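Observations on the model geometry
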Amino acid sequence: MPGEKLPLSFFSDYDTRTLAQKLLGCELVHESPDGLTSGMIVETEAYLQDDPACHAFNRRTTRTEPMYGIAGTVYVYLIYGMYQCFNIVSNAEGTGEAVLIRALQPTAGIELMEMRRLVRPGKAPGMSPTGKVTLKELCRGPGKLVQAMGIERDKHNATLLSGDTLYLRSPVAAPQAITSGPRVGINVGRELPYRYYIKDNIFVSKG
DNA sequence: GTACGGATAGTCT
DNA sequence: GACTATCCGTACC
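So, here's what we can say about the structure. Keep in mind that what you see is a predicted model, and the values were worked out from it rather than measured.

1. Re the overall build of chain A
- In terms of helices and strands, chain A carries 5 helices and 8 strands.
- Starting at the N terminus and walking to the C terminus, you meet the elements of chain A as α-α-β-β-β-β-β-α-α-α-β-β-β.
- The C-alpha atoms of chain A give a radius of gyration of 16 Å, which matches the 17 Å a tight globule of 207 residues would have.
- Judged by the C-alpha coordinates and their principal axes, chain A covers about 50 × 40 × 35 Å.
- In chain A, buried positions account for 50% of the 207 residues.
- Of the contacts made within chain A by residues no fewer than 6 positions apart, 64% connect residues no fewer than 24 positions apart.

Below is the structure:
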């Protein structure tokens, strides 16, 4: 049913690359103490066990442990020492694969997202005269969407996406054309076309 | 509109 | 001690 909370089984129904495409058009919802925010997933990247760009490519460590959990586990990692990236673990338990969520099209809680994304006053790309970033820039990038959605590190290794404060809803309408290409910002494995996004959607981080 | 330098910290070798 | 890869702010066109 369109718009329904997705059961945990959804995440184990597909292999990682298929899941990365199935997630496009789904709505990520966070019911935080500050209020509800949500956005439609418009851009994802798949990270596979045999893929050198995958955090779980090398041996199993404490940091990547959640990646080996059941499909639907949340994996949040720190990048550049300043930003977080939000991933949904995929494939069978014991396999270290995940889908990185790279961009959202905001659907609810816009004002709250703007508050969370406030940067210091001044001129910057995508910033309106009022000091708020534009709608287009709110969730256009993995670090930005984590900030806008208010996803904290306590969500790391959360066991469920359904029935909790952070969950997904099935697409209201099937996404239009899906395009794939090289993943963003990585060196190793850059030749693998594991990035998927909704064609011509302006909320995608890179066309 | 594009280009690039700086900030930053956890993880593993 | 090496390695990692995003956002912001300034510069410039």
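2. Quick look at the pairing of strand β8 (residues 195–198)
- Across the two faces of β8 the burial is the same, with Arg-195 and Tyr-197 and Tyr-196 and Ile-198 all buried.
- Judged from the 3 bridges that link them, strand β2 (residues 35–47) and β8 form a sheet pairing that is antiparallel. The partner of Thr-44 across the bridge, within β8, is Tyr-196.

3. Observations concerning helix α5 (residues 142–149)
- Across the 8 residues that make up α5, a large majority, 6, are buried.
- Residues Pro-142, Gly-143, Leu-145, Val-146, Ala-148 and Met-149 constitute the buried set of α5.
- Among the structural elements, β1 (27–32), β2, β4 (83–89), β5 (98–108), α3 (110–116) and α4 (135–138) are those in contact with the buried residues of α5.
- Looking at the residues trailing α5, positive phi occurs at Gly-150, about 70 degrees.

4. Let's talk about the protein's contact with DNA strand B
- The environment of DNA strand B is formed by Arg-59, Thr-61, Thr-62, Arg-63, Leu-78, Tyr-80, Gly-81 and Met-82.
- Here the atoms of DNA strand B within 4 Å of the protein split so that 80% fall in sugar or phosphate, with bases taking the remainder.
- At a separation of 2.9 Å, a phosphate oxygen of DNA strand B approaches a polar side-chain atom of Arg-59.
- Gly-81 places a main-chain nitrogen or oxygen 3.5 Å from a base oxygen of DNA strand B.
- Across the surface near DNA strand B, the residue classes break down as 3 nonpolar, 3 polar and 2 charged.

Cut-off values and rules
Sequence order sets the numbering: in each chain, residues are counted from 1 along the sequence as written. Lettering of chains starts at A and numbering of ligands starts at 1, both following the order in which they are written. Under the rules for a predicted model, residues below a pLDDT of 70 receive no local features and side-chain atom pairs below 80 are neither given nor counted, while totals for whole chains, interfaces and linings still include all residues. Water and hydrogen atoms were dropped before computing side-chain values, which therefore reflect all heavy atoms in the structure. What counts as a helix is a DSSP run of H or I of at least four residues, what counts as a strand is a run of E of at least two, and both are numbered from the N terminus. C-alpha atoms define the radius of gyration, and 2.2 Å times the number of residues to the power 0.38 defines the globule rule. Relative accessible area decides the class of each residue, using a 1.4 Å probe on protein chains only: under 20% of the type maximum gives buried, over 50% gives exposed, and in between gives partly exposed. Whether two residues are in contact is decided by their heavy atoms, any of which lying within 4.5 Å being enough. When DSSP finds two or more bridges between two strands, those strands count as paired. Any residue with at least one heavy atom within 4 Å of a molecule or strand is counted as near it. Within 3.5 Å is the distance limit for a polar contact, defined as a pair of N or O atoms, with the added protein rule that one can donate a hydrogen and the other accept it, and that residues adjacent in sequence qualify only through two side-chain atoms. Each residue is assigned to one class: nonpolar for Ala, Val, Leu, Ile, Met, Phe, Trp, Tyr, Cys and Pro, charged for Asp, Glu, Lys and Arg, and polar for all the others, Gly among them.

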